[in-house]
Amino acid sequence: MIRAFLALAAALWAADAAAVECRDLTHDGNRYTVCEADADAEDLRLFLNDSEGDLLGQFSAVNAELAGEGRQLVFAMNAGMYHDDRSPVGHYVENGAEVMRVIANPGPGNFGLLPNGVFCIRDGRADVIETLRFVETAPECRFATQSGPMLVIDGELHPRFLPDSTSRYIRNGVGTSADGKRVVFAISNDYVTFHEFGSLFRDVLKTPQALYFDGKVSRLYAPQLGRSDIGFALGPIVGIVEAMQ
């Protein structure tokens, strides 16, 4: 009886641990936090406004909204660039409803540093897709957020990244596997260049496609690491959701 109870407890613990696995690592002298999940197994969502249409903007507000359905965040981070009113700069879809269209043309700032891309969440998979490829293939995303620049494109770094760049910020982004099952989120804990950050996804995390979310405002919610970054209100937020324990 005791052995069976321990086996059940271990199985339940393993199931909980499998939702998302976060860890700290160092690459090329820079420190990062990486959170990895199986997109086929987890409840992966994007959040912008609450049920009344008001901006969420904070991890705590997302958790408060989820509590109404008996669920909670087990991971979250900011997920794309936004205007002063926190509306998405590029394409944004939530629960199948398009909030903002795709922006395919070049423009100022990091978002317009083409190629940029779209993080698309579908049933059973999640993919980073370069924007022109996204427009051409027109996948049906349950959730989607556009950001830029791409960090890794078909296994290669963005062509505009310079090894000797002096532009350093706290940065965060996401990478996905070719089959869309493995999704890896990362945030730097040191000020890093685009080249250094992209190299993390290409050389360490081994994701053939990776997308930059933002810099300077980058924040992470990872309760298993005791981390809940605070700051000014965010725009789009990506999170992994599970039933409250």
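Residues numbered from 1 in each chain as written. Predicted model: local features only at pLDDT ≥ 70, side-chain atom pairs only at ≥ 80, totals over all residues. Heavy atoms only, no water.

S.K.: Mind showing me how you'd approach the overall build of the chain here?
M.R.: A tally of regular secondary structure across the chain gives 4 helices and 17 strands. Expected size for 245 residues packed as a compact globule is a radius of gyration near 18 Å; at 18 Å, the chain falls within 12% of this value. Classification of the 245 residues of the chain by burial places 51% in the buried group. When the accessible surface of the chain is split by element, carbon and sulfur atoms take 53% of a total near 11500 Å². (Helix = DSSP H or I, 4+ residues; strand = E, 2+ residues; numbered from the N terminus. Rg over C-alpha atoms; globule rule 2.2 N^0.38 Å. Buried < 20%, exposed > 50% of the residue type's maximum accessible area, 1.4 Å probe, protein only. Areas by Shrake-Rupley, 256 points an atom, 1.4 Å probe, with all protein chains shown as cover.)

S.K.: What should I look at first to understand the sheet that holds strand 16 (residues 227-228) in this one?
M.R.: Hydrogen bonds between backbone groups are what pair the strands of a sheet, and the pairing can be parallel or antiparallel. The strand order across the open sheet built from 5 strands is 3-17-4-15-16, with neighbouring strands paired in antiparallel fashion. Strands with a single pairing partner mark the edges of an open sheet, and in this sheet they are strand 3 (43-47) and strand 16. Bridge count between strand 15 (residues 220-222) and strand 16: 2 bridges; the pairing is antiparallel. For Ala-222, the partnering residue across the bridge sits in strand 16 and is Arg-227. Seen against the sheet, helix 2 (residues 59-67) touches strand 3, strand 4 (71-78), strand 15 and strand 17 (237-243) and runs at an angle of roughly 150 degrees to strand 4. (Pairing = 2+ DSSP bridges. Contact = heavy atoms within 4.5 Å. Axes fitted to C-alpha atoms, helices over the stretch in contact; angles between N-to-C directions.)

S.K.: How do you make sense of the sheet that holds strand 2 (residues 30-38) when you look at a structure like this?
M.R.: One open sheet accounts for 7 strands, arranged 1-2-13-12-14-10-11; its pairing is antiparallel. The open sheet is flanked by strand 1 (21-27) and strand 11 (156-157), the only strands paired with a single partner.

S.K.: Looking at this model, I keep getting lost on the nonpolar core. Mind explaining?
M.R.: As a rule of thumb, soluble globular proteins bury nonpolar side chains together. The biggest cluster of nonpolar side chains holds 32 residues, and the ones touching the most others in it are Leu-44, Phe-75, Phe-119, Phe-185, Phe-213 and Val-238. Val-34, Val-152, Phe-161 and Val-192 belong to the second-largest nonpolar core, a separate cluster that totals 21 residues. (Core = buried A, V, L, I, M, F, W, Y, C linked by side-chain atoms within 4.5 Å.)

S.K.: Sorry, what's going on with the pairing of strand 17 here?
M.R.: The two faces of the sheet receive side chains in turn, since in a regular strand these alternate between them. Across the 7 residues of strand 17, 6 count as buried, placing the element largely inside the fold. Pairing of strand 4 with strand 17, which is carried by 7 bridges, proceeds in the antiparallel orientation. Paired with Gln-72 across the two strands is Glu-242, which belongs to strand 17.

S.K.: Sorry, what's going on with the environment of Leu-46 here?
M.R.: Tracing the chain through its elements places Leu-46 in strand 3. Residue Leu-46 is classed as buried on the basis of its relative accessible area of 1%. The spacing of Leu-46 and Thr-137 is 91 residues in sequence and 21 Å in space, taken between C-alpha atoms. Ignoring any residue separated from it by four or fewer positions in sequence, one finds Leu-46 in contact with Ala-79, Tyr-92, Val-93, Glu-94, Ile-121, Phe-143, Ala-144, Thr-145, Ile-237 and Val-238.

S.K.: It is not clear to me how the pattern of salt bridges should be interpreted in this structure. Could you clarify?
M.R.: Where charged atoms from two side chains of opposite charge come close, those side chains can pair. Inspection of every chain in the model, using the stated rule, returns 13 salt bridges. Across the pair Asp-127 and Arg-122 runs a salt bridge, and its minimum N-O distance is 2.8 Å. In this structure Arg-122 comes out as partly exposed when scored by relative accessible area, which is 24%. Across the pair Asp-127 and Arg-125 runs a salt bridge whose closest N-O atoms are separated by 2.7 Å. Residue class for Arg-125 comes out partly exposed when judged on its relative accessible area of 25%. Shared partners join several salt bridges into a network, and the residues in it are Asp-43, Arg-45, Glu-69 and Arg-71. (Salt bridge = Lys/Arg side-chain N within 4 Å of Asp/Glu carboxyl O.)

S.K.: Can you help me understand the confidence of the model for the chain in this one?
M.R.: For residues with low pLDDT, the predicted coordinates do not support detailed interpretation. Averaged over every residue, the pLDDT of the chain is 93; residues scoring 70 or more account for 93%. pLDDT under 50 marks residues 1-16. Its contacts with residues more than four places away, or in other chains, come to 1 contact. (pLDDT = per-residue confidence, 0-100.)

S.K.: Would you take a moment to explain the state of the cysteines for this structure?
M.R.: Disulfide: a covalent bond connecting the sulfur atoms of a pair of cysteines. Considering all chains together, one arrives at 2 disulfides under this definition. Residue pairing for Cys-22: its cysteine sulfur links by disulfide to Cys-35, the two sulfurs lying 2.1 Å apart. Measuring handedness by torsion sign, the sulfur bridge of Cys-22 and Cys-35 sits at about 115 degrees and is right-handed. Placement of the pair is Cys-22 in strand 1 and Cys-35 in strand 2, with a sequence separation of 13 residues. Each of the two residues, Cys-22 as well as Cys-35, counts as buried. Here Cys-120 connects covalently by a disulfide to Cys-141, the sulfurs 2.1 Å from one another. With the S-S bond torsion at -110 degrees, the cross-link from Cys-120 to Cys-141 turns out left-handed. On the criterion of sequence distance, the pair formed by Cys-120 in strand 7 (residues 117-122) and Cys-141 in the loop between helix 3 (131-137) and strand 9 (143-147) is long-range, its members being 21 residues apart. The buried category is assigned to Cys-141, whose relative accessible area is 11%. If one numbers only the bonded cysteines of the chain, in the order they occur, the disulfide pattern is 1-2, 3-4. (Disulfide = S-S within 2.5 Å.)

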